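The primary structure of each chain is shown beneath.
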Amino acid sequence: MNNCTFEISVDDNSLTEFVRRLPVCFSSSGEVIYKARNEVRKISACGRCLVVKRFRNGGLARQIIQTITKSKARRSYDNARRLLEAGIPTPCHLAWLECRDGLGLVCESYYVCEYSDMAAIADGLHEHDGFDRPLVEALAQFVAEIHRKGILHNDLNNTNIRYAVHDGGYRFSLIDLNRMRIYRRRLSFSECLYDTTRFSCLSDMYRHFIRCYLRAMAWDDSLYEKAISIKGRHDRAWSRRKAFTGFLKKIIGKQT
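Computed from a prediction, not measured in an experiment: that's the story for all the values here. Residue positions within a chain follow its written sequence, with the count starting from 1. Only residues with pLDDT of 70 or above have their local features reported here, since the model is predicted, and side-chain atom pairs are shown and tallied only from 80 upward, although totals for entire chains, interfaces and linings are computed over all residues. In computing side-chain values, all of the structure's heavy atoms are included and hydrogens and water are not.

Caption draft 1: Seen up close, the pairing of strand E6 (residues 106-114). Exposure is judged per residue with a 1.4 Å probe applied to protein chains only, and the accessible area is read against the type maximum: over 50% gives exposed, under 20% gives buried, and values in between give partly exposed. Numbering goes from the N terminus for both helices and strands, where a helix is a DSSP run of H or I of at least four residues and a strand is a run of E of at least two. Burial runs high along E6: eight of the nine residues are buried. For two strands to be treated as a pair, DSSP must find at least two bridges joining them. Relative to E6, strand E5 (residues 93-100) is paired through seven bridges, and the arrangement is antiparallel. By the bridge assignment for E6, Leu97 is matched with Tyr110. In this antiparallel pair of consecutive strands, E5 and E6, the connection spans five residues, and Gly104 shows a positive phi of 85°.

Right under this line is the structure:
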């Protein structure tokens, strides 16, 4: 890489050196947690257990956008800081690093945060037989809290919401924050409901969540059917996208 810039949230020389070396050492360090276009690794370094996420910007258009605005790593860092300032738990932000190519475009970036052993909400939600009602009710309260504070996560799937049993109840945390937005205004009903559509299918569990969520937001029960309609439209659109993607993969596979 021709040029890398970074920011670190703590005064720690060993962490500074670790972040500087990420473009060289990332691929051979720690344990892979997730790998697709982006990659997430759990790494022990500097006396800490860390999570490092590498974002790769494939394609010129994406590189230009990430250069003009902010990289996904830098957005993740800033959003983590703002979440914690708002009293919403998330693993503590430690650093971001952006790498630029010869044209000065951000080609990859890295986000570093503390590791959390909280489980994905997917581990606790059972969408058909005997789902955990107290957990769903606590989740509805948590999602209502972030929405009342003007926060839209924009990717509330069942792995990006983390939870743990705590003092006879539940506590929650959010990860994967690069799409998150925080507004200094009251969020609309539609904005809030679209933000709840990703962590479950339209199941009995989700229907119970919506009833609890409407109460937590102090919204009238008459909005229930509108909320379910929003979820239904989301699920149908998702199914169409999935079918179209599958069709394209078959066509490409036949041609190769």
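Caption draft 2: Spotlight on the side chain of Arg54. By the element assignment, Arg54 lies in strand E4 (residues 48-56). The term polar contact refers here to a pair of N or O atoms within 3.5 Å; inside protein, the definition further demands a hydrogen-donor-capable atom paired with an acceptor-capable atom, and it admits residues adjacent in sequence only when both atoms are side-chain atoms. Within the structure, Arg54 has its side chain in polar contact with the side chain of Ser27 (distance 3.2 Å). Beyond its immediate stretch of four places on either side in the chain, Arg54 contacts Phe26, Ser27, Asn38, Glu39, Glu108, Ser109 and Tyr110. In this analysis, two residues are considered to be in contact whenever any of their non-hydrogen atoms come within 4.5 Å of each other.

Caption draft 3: Representation of a positive patch on the surface within the structure. Patch membership is restricted to residues that have no salt bridge and whose relative accessible area is over 30%. Joining uses 9 Å for like charges and 5 Å for the nonpolar side chains Val, Leu, Ile, Met, Phe, Trp and Tyr. All accessibility values rest on the Shrake-Rupley procedure with a 1.4 Å probe; residue burial counts only the protein chains present in the view. Here a salt bridge means any side-chain nitrogen of Lys or Arg lying within 4 Å of a carboxyl oxygen belonging to Asp or Glu. Charge counting treats Lys and Arg as positive and Asp and Glu as negative, with His and both chain ends excluded. Here the site of a charge means NZ on Lys, CZ on Arg, CG on Asp, or CD on Glu. A cluster of basic side chains, namely Lys226, Arg233, Arg236, Arg240 and Arg241, defines a positive patch on the protein surface. Relative to the helices and strands, Arg236 is located in helix H8 (residues 224-255).

Caption draft 4: Highlighting the packing of aromatic side chains. Note on aromatic pairs: the rings of Phe, Tyr and Trp (six-membered ring only in Trp) are paired at centre separations within 6.5 Å, and the planes decide the class, stacked below 30 degrees, edge-to-face beyond 60, tilted for the rest. A complete count under the given rule lists nine aromatic pairs for this structure. A ring pair is formed by Tyr213 and Trp219, whose centres lie 6.0 Å apart and whose planes are at 75°; its orientation type is edge-to-face. Classification of Tyr213 by relative accessible area gives buried; the value is 0%. Clustering of aromatic rings is evident, with ring pairs tying together Phe189, Phe199, Tyr206, Phe209, Tyr213 and Trp219. By definition here, charges over rings are those cases where NZ of Lys or CZ of Arg is within 6 Å of the ring centre and within 35 degrees of the ring normal. Sitting above the plane of the Tyr115 ring, Lys42 keeps its charged end 4.3 Å from the centroid. In this structure, Arg185 is placed above the aromatic ring of Tyr183, and the distance from its NZ or CZ to the ring centre is 4.5 Å.

Caption draft 5: Quick peek at the pattern of salt bridges. The tally for this structure, following the rule as stated, stands at 14 salt bridges. In this structure, the salt-bridge partner of Asp78 is Lys70, at a minimum N-O distance of 2.6 Å. Three or more residues joined by partner-sharing salt bridges are found here, namely Asp12, Arg48 and Glu114.

Caption draft 6: Focus on the sheet that holds strand E3 (residues 39-45). Within the open sheet, the six strands sit side by side as E1-E5-E6-E4-E3-E2. Their pairing is antiparallel. The sheet is open, and its two borders are formed by strand E1 (3-8) and strand E2 (31-35), each paired with just one other strand. The average undirected angle you get between the axes of adjacent strands in this sheet is 20°. Helix H1 (residues 13-20) rests against E1, E3, E4, E5 and E6 of the sheet, and its axis sits at about 150° to E1. Interaxial angle, 0 to 180 degrees, is taken between N-to-C directions of lines fitted to C-alpha atoms, where a helix line uses only the stretch in contact. Along the sheet face, helix H4 (residues 72-85) touches E1, E4, E5 and E6 and points at about 160° away from the line of E5.

Caption draft 7: Structural context of the environment of Cys92. Note that Cys92 resides in the loop between H4 and E5. Counting along the chain gives 15 residues from Cys92 to Tyr77, while the straight-line C-alpha distance between them is 8.9 Å. What Cys92 contacts, discounting residues up to four positions off in sequence, is Leu84, Cys113 and Glu114.

Caption draft 8: Just the nonpolar core, in detail. Residues Leu139, Phe172, Leu174, Phe209, Ile210 and Tyr213 are the most contacted members of the largest nonpolar core, which totals 50 residues. Discounting residues that sit within four places of it in the chain, Ile210 has contacts with Leu193, Thr196, Tyr224, Ala227 and Ile228. As used here, the term nonpolar core means buried Ala, Val, Leu, Ile, Met, Phe, Trp, Tyr and Cys residues forming a set that is joined through side-chain atoms within 4.5 Å. Counting residues in each nonpolar core, the second largest holds 17 residues, with Leu15, Phe18, Ala95 and Leu97 among its members.

Caption draft 9: Main features of the sheet that holds strand E9 (residues 161-166). Taken in spatial order, the three strands make up an open sheet running E7-E9-E10, and their pairing is antiparallel. Of all the strands in the sheet, just strand E7 (119-120) and strand E10 (169-174) have a single pairing partner and so form its edges. Summarising the sheet, E9 and E10 pair through six bridges and their orientation is antiparallel. Residue pairing for E10: Ala164 is matched across the bridge by Arg171. In the packing of helix H5 (residues 133-148) onto the sheet, contacts are made with E9 and E10, and the angle to E10 comes to roughly 45°.

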